[in-house]
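So the chains spell out like this:
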Amino acid sequence: MADPTPEAKHIRDSIVTLSQMMRLEHANPHGNVHGGIVMKLVDEAGALTCMRHAQRPVVTVAMDNMSFRHPIQIGDLVTLTSRLTYVGRTSMEVRVEVEAENPLTGNRVHTNTAHLVYVALDSAGRPVPVPALILETPEEQREFEEAETRQGQRRAQRPAAGATE
Ligand SMILES: CC(C)(COP(=O)(O)OP(=O)(O)OC[C@H]1O[C@@H](n2cnc3c(N)ncnc32)[C@H](O)[C@@H]1OP(=O)(O)O)[C@@H](O)C(=O)NCCC(=O)NCCS
């Protein structure tokens, strides 16, 4: 029997905030934080938001360009905030904001913003429908429409079934 359609949920119900102090093992050869560490944390925060929303395992299918605006220093507290912007049938887009704070001075910088797409999977590893989004504010509605446009562009760039990349 097919699963019942999941009930729609609010964006605020799946917002995730992750904080982690940057240590020596996170450094690149120049002594700042390695970009790959930030990308991994961004992916984790986004996946957690989608798991919370779908209450299913999820996989990453797309990560948009990521520009790093400021270096993150060892000793900084990095905080990632992830929220849903869009939900399709089985796919979800999140926006992840990254901020670095020097805990000794309190100085905070916004280092980057990323958009990622995840797909929820059933127990056989197939895409499965996720709850729709209840949009509560004009800002959420605007973000949803922008994300829908991005998702349309990503779909258009997907290789045709059977094509080799
Ligand atoms: C997730 C996966 C099972 C989906 O399989 P699929 O055959 O592409 O399934 P579908 O074509 O039905 O796509 C499922 C959804 O994902 C979306 N999607 C798939 N690839 C996408 C991409 N590159 N960008 C944006 N959305 C994408 C589709 O639009 C669809 O969304 P919708 O249901 O909301 O309309 C498959 O792509 C997969 O296993 N990918 C690898 C995931 C992974 O290992 N990630 C970690 C990489 S390190």
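A few points on the structure. Note that this is a predicted model, so its numbers are computed, not measured.

Taking 1.5 Å per residue as the helical rise, helix H1 (residues 35-54) with its 20 residues ought to reach 28 Å, and the 29 Å between its terminal C-alpha atoms agrees with that figure. If you check which residues of H1 are buried, you get Val38, Leu41, Val42, Ala45, Gly46, Ala47, Thr49, Cys50, His53 and Ala54. Buried residues along H1 sit against strand S1 (9-10), strand S2 (16-21), strand S3 (58-63), strand S4 (77-87), strand S5 (91-101) and strand S6 (108-120). Of the residues flanking the end of H1, it is glutamine 55, one or two places downstream, whose phi is positive at about 55 degrees.

Below, the discussion takes up the site of the ligand. Close to the ligand lie 15 residues, the nearest being Ala62, Gly88, Arg89, Thr90 and Ser91. Of all elements in the fold, only S3, S6 and helix H2 (138-157) reach the threshold of two or more residues within the shell around the ligand. With 4 residues, the top contributor of residues to the shell around the ligand is S3.

Okay, the nonpolar core next. With 31 residues, the main nonpolar core has Val42, Cys50, Met92, Val96 and Tyr118 as its most contacted residues. Per element, the largest residue contribution to this core is 7 residues, and it comes from H1.

With 20 residues, H2 ought to run about 28 Å at 1.5 Å a step, and its terminal C-alpha atoms sit 29 Å apart, in line with that. Across the 20 residues of H2, 2 count as buried, placing the element largely on the outside.

Now for the sheet that holds S4. Ordered by their spatial adjacency, 5 strands build an open sheet running S2-S4-S5-S6-S3, and the pairing between neighbours is antiparallel. Because the sheet does not close on itself, it has two edges, and the strands there are S2 and S3. Ignoring which end each strand starts from, the neighbouring axes of this sheet average 30 degrees apart. Sheet analysis places S2 next to S4, joined by 6 bridges and oriented antiparallel.

Thresholds, definitions, all that
Residues numbered from 1 in each chain as written. Predicted model: local features only at pLDDT ≥ 70, side-chain atom pairs only at ≥ 80, totals over all residues. Helix = DSSP H or I, 4+ residues; strand = E, 2+ residues; numbered from the N terminus. Expected span 1.5 Å × (residues − 1). Buried ≥ 20, exposed ≤ 12 C-beta atoms within 10 Å, placed from the backbone. Contact = placed C-beta atoms within 7 Å. Near = placed C-beta within 6 Å. Core = buried A, V, L, I, M, F, W, Y, C linked by C-beta atoms within 7 Å. Pairing = 2+ DSSP bridges. Axes fitted to C-alpha atoms, helices over the stretch in contact; angles between N-to-C directions.

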